[in-house]
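# Residue-level structural notes
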Amino acid sequence: MTSVPASADPVPYVTRGTAAYRKISLALFLAGFATFSLIYCVQPLLPLLAEHFNIGAAQSSLALSLTTGLLALAIFAAAAISESFGRRELMFASIGLASLLNIAAAATPGWHAILVIRAAEGLALGGVPAVAIAYLAEEIEPRGLGFAMGLYIAGTAFGGMAGRVVTGFLAEFLSWRSALGGIGAMGLVLALGFIALLPPSRHFTPKKGFDLAYHARAWASHFSGAEGLALAKPMLFIIAFCAMGSFVTIYNYAGFRLMAPPFDLGPTQTGLIFTVYLFGIAASSLGGAAADRFGRAPVLIFSLILMAAGVGLTLVPQLTGVVAGIAVLTSGFFAAHAVASGWVGRLGGMSKGHAASLYMLAYYLGSSIAGSCGGWFWSEGAWPAVAGFTLVLITLAVACAARLGLARS
């Protein structure tokens, strides 16, 4: 890996419009695509898994929640490991290993064994999300960071959409096992494209050995400092938990609602509805660019309110209202995530990787905890209860964003 000695002249940041900027943006787009297609490929399969293994909705959601839960914990280790071994290499290894595990899950007969593999997949993927944010914050000039971060988030949106749509199609015409195996094979191809495109870091010097005390101080530093800074990052962590938790809850149980009366949709039809992820692709780039221009707090608050409006629309009894609501929710979520994750990168100081790891820890804990809790609300009160639960989470996120805006103004 290329490192920059302390005595060398400062190496310029990568600027928007250059060939290096385009290569970095495309490589991180592929990383986001691969990561999120591998994570969320099981989401449209949850009703099929529940039927095949004769389990409930909340139990079937463990195929996703265990992945995101272990991913949240693995992010801590990944951030520390990348300080010693490099950003680029760790991301490549993570995507490749997770892809192989997804293929293994497709060939595994038992439900509990599948859960173990999906949990291991979450551990493997811990080397991508936080490290990707840190890499962009270190290599891209501040004026172009919002747009580059938005493109990375767009990759995660596109990958999430492809994972849902492709698996829904393959599951209906082949089998859910073929769907999982196909996504794993695609991940291997994307990993090769990623490593071929991404340049080595130029503003990061690996540290020798593993100093636990150093990492503990780095993580703790993001909860201290000047009053405004000490408040800012924890507020962003809470927003990540609530926004991701509400988003995943809606997506986890939308399939159960849409495959049941009065809609009675099949796996392919349900999967095609999630092409609304295209709105997320556009919204993430627009959100990042808008934050660069108009300020992060106003764009973040607007995006979260948009999420709440989307949840409200899903309560409409007509299919068009449900689809429109999911589209609006998706747009608001990815815009909010692009703004918040870019903000964390800017506030990370000398330990951007640690700041990003804390943000992603909260993000995926929201997915795991709220995503599974949503199954209880579905069982007890059907869709209105699920919608109410997510609206409470979004309201808390809006309150934190408003408080953060006042603190940073």
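Notes on the structure follow. Nothing here was measured: the structure is a model prediction, and the numbers come from that model.

### Let's talk about the overall build of the protein
If you tally the helices and strands in the protein, you get 16 helices and zero strands. Scored against the burial criterion, the 409 residues of the protein give a buried share of 58%. Taking as baseline every contact in the protein between residues at least 6 positions apart, the subset at least 24 positions apart corresponds to 84%. When the accessible surface of the protein is split by element, carbon and sulfur atoms take 71% of a total near 14900 Å².

### Describing the packing of aromatic side chains
Pairs of aromatic rings are described using the distance from one ring centre to the other and the angle between the two planes. Considering all chains together, one arrives at 18 aromatic pairs under this definition. Each ring, one from phenylalanine 36 and one from tyrosine 40, has its centre 5.6 Å from the other, and the planes form 40°; the classification is tilted. Taken together, the residues phenylalanine 36 and tyrosine 40, both in helix 1 (residues 19-40) and four residues apart, mark about one turn of the helix. Accessibility classification places phenylalanine 36 together with tyrosine 40 in one group, the buried group. Taken together, Phe36, Tyr40, Phe247, Tyr251, Phe333, Phe334, Tyr359, Tyr363 and Tyr364 form an aromatic cluster joined through their ring pairs.

### Re the side chain of threonine 167
In this fold, threonine 167 is placed in helix 8 (residues 142-173). Under the relative-accessibility criterion, threonine 167 is labelled buried at 0%. What threonine 167 contacts, discounting residues up to four positions off in sequence, is Cys41, Pro44, Leu45, Ala162, Ala179 and Ile183.

### Considerations on a nonpolar patch on the surface
Together, Phe169, Phe173 and Leu174 make up a nonpolar patch on the protein surface, roughly 350 Å² of accessible area in all. Locating phenylalanine 169 in the fold gives a position in helix 8.

### Things to note about the state of the cysteines
Tallying each qualifying case throughout the model produces zero disulfides. The closest cysteine sulfur to the non-disulfide-bonded cysteine 242 is located on cysteine 400, 6.4 Å from its own sulfur. Looking at cysteine 242, the relative accessible area reads 2%, which means it is buried.

### With respect to the nonpolar core
Core analysis: the largest hydrophobic core is formed by 131 residues, its most contacted members being Leu28, Leu136, Phe247, Leu300, Leu304, Tyr363 and Tyr364. Considering every element that reaches this core, the biggest residue donor is helix 16 (residues 352-408), with 21 residues.

### Some words on the packing of helix 13 (residues 277-294) against helix 14 (residues 296-313)
In the contact formed by helix 13 and helix 14, the axes pass within 7 Å of each other and the chain directions differ by 140°. As far as their axial angle goes, helix 14 and helix 13 are oblique. Each of Gly287, Ala290, Ala291, Asp292 and Phe294 in helix 13 lies in contact with helix 14, whose residues at this interface are Arg296, Pro298 and Val299. Residues belonging to the contact of helix 13 with helix 14 are distributed by class as follows: five nonpolar, one polar and two charged.

### Some remarks on the packing of helix 8 against helix 9 (residues 176-197)
Packed helix pairs are specified by the crossing angle of their axes together with the interaxial distance, meaning the distance between the axes. Axis separation between helix 8 and helix 9 bottoms out at 7 Å; the angle between their running directions is 140°. With respect to helix 9, the axis of helix 8 lies oblique. At the point where helix 8 passes helix 9, the crossing takes the right-handed sense. Judged by residue contacts, Ala162, Gly163, Val166, Thr167, Leu170 and Ala171 of helix 8 engage Trp176, Ser178, Ala179 and Ile183 from helix 9. Counted by class, the contact of helix 8 with helix 9 contains seven nonpolar, three polar and no charged residues.

### Things to note about empty space enclosed by the protein
Enumeration over the complete set of coordinates arrives at three cavities of 30 Å³ or more. Its boundaries defined by the atoms lining it, the largest cavity holds a volume of some 70 Å³. Residue lining of the largest cavity: 12 residues in total, with Gly146, Asp292, Arg296, Gly342 and Trp343 positioned closest to the centre. Of all the secondary structure elements, the ones that give two or more residues to the lining of the largest cavity are helix 8, helix 13 and helix 15 (319-347). For the lining of the largest cavity, the element with the highest residue contribution is helix 15, accounting for five residues. By residue class, the composition of the lining of the largest cavity is six nonpolar, three polar and three charged.

### Structural notes on the pattern of salt bridges
By the definition in use, this model includes one salt bridge. Glutamate 121 is the partner of arginine 118 in a salt bridge, and the nearest nitrogen-oxygen pair spans 3.4 Å. Of this pair, arginine 118 and glutamate 121 both sit in helix 6 (residues 111-125), separated by three residues, roughly a single helical turn. Considered together, arginine 118 and glutamate 121 belong to a single accessibility category, that of buried residues.

### Things to note about the environment of valine 392
Assignment of secondary structure puts valine 392 in helix 16. For valine 392, a relative accessible area of 56% gives the class exposed. Considered as a pair, valine 392 and cysteine 242 are 150 residues apart in the sequence and their alpha carbons are 8.8 Å apart.

### Brief notes about helix 2 (residues 46-53)
Across the eight residues that make up helix 2, a large majority, six, are buried. Those residues of helix 2 not exposed but buried are Leu46, Pro47, Leu48, Leu49, Ala50 and Phe53.

Criteria and cut-off values
Residues numbered from 1 in each chain as written. Predicted model: local features only at pLDDT ≥ 70, side-chain atom pairs only at ≥ 80, totals over all residues. Heavy atoms only, no water. Helix = DSSP H or I, 4+ residues; strand = E, 2+ residues; numbered from the N terminus. Buried < 20%, exposed > 50% of the residue type's maximum accessible area, 1.4 Å probe, protein only. Contact = heavy atoms within 4.5 Å. Areas by Shrake-Rupley, 256 points an atom, 1.4 Å probe, with all protein chains shown as cover. Phe/Tyr/Trp six-rings, centres within 6.5 Å; stacked < 30°, edge-to-face > 60°. Patch = residues over 30% accessible without salt bridge, like charges linked within 9 Å, V, L, I, M, F, W, Y side chains within 5 Å. Salt bridge = Lys/Arg side-chain N within 4 Å of Asp/Glu carboxyl O. Disulfide = S-S within 2.5 Å. Core = buried A, V, L, I, M, F, W, Y, C linked by side-chain atoms within 4.5 Å. Axes fitted to C-alpha atoms, helices over the stretch in contact; angles between N-to-C directions. Parallel < 35°, antiparallel > 145°, perpendicular 65-115°, else oblique. Nonpolar A, V, L, I, M, F, W, Y, C, P; charged D, E, K, R; others polar. Left-handed = near helix turned anticlockwise from the far one by under 90°. 1 Å grid on protein atoms, 1.4 Å probe; cavity = no way out; pocket = protein on both sides within 12 Å on 5 of 7 lines; lining within 4 Å. Points joined across faces, edges and corners; volume = space filled by probe spheres on them.

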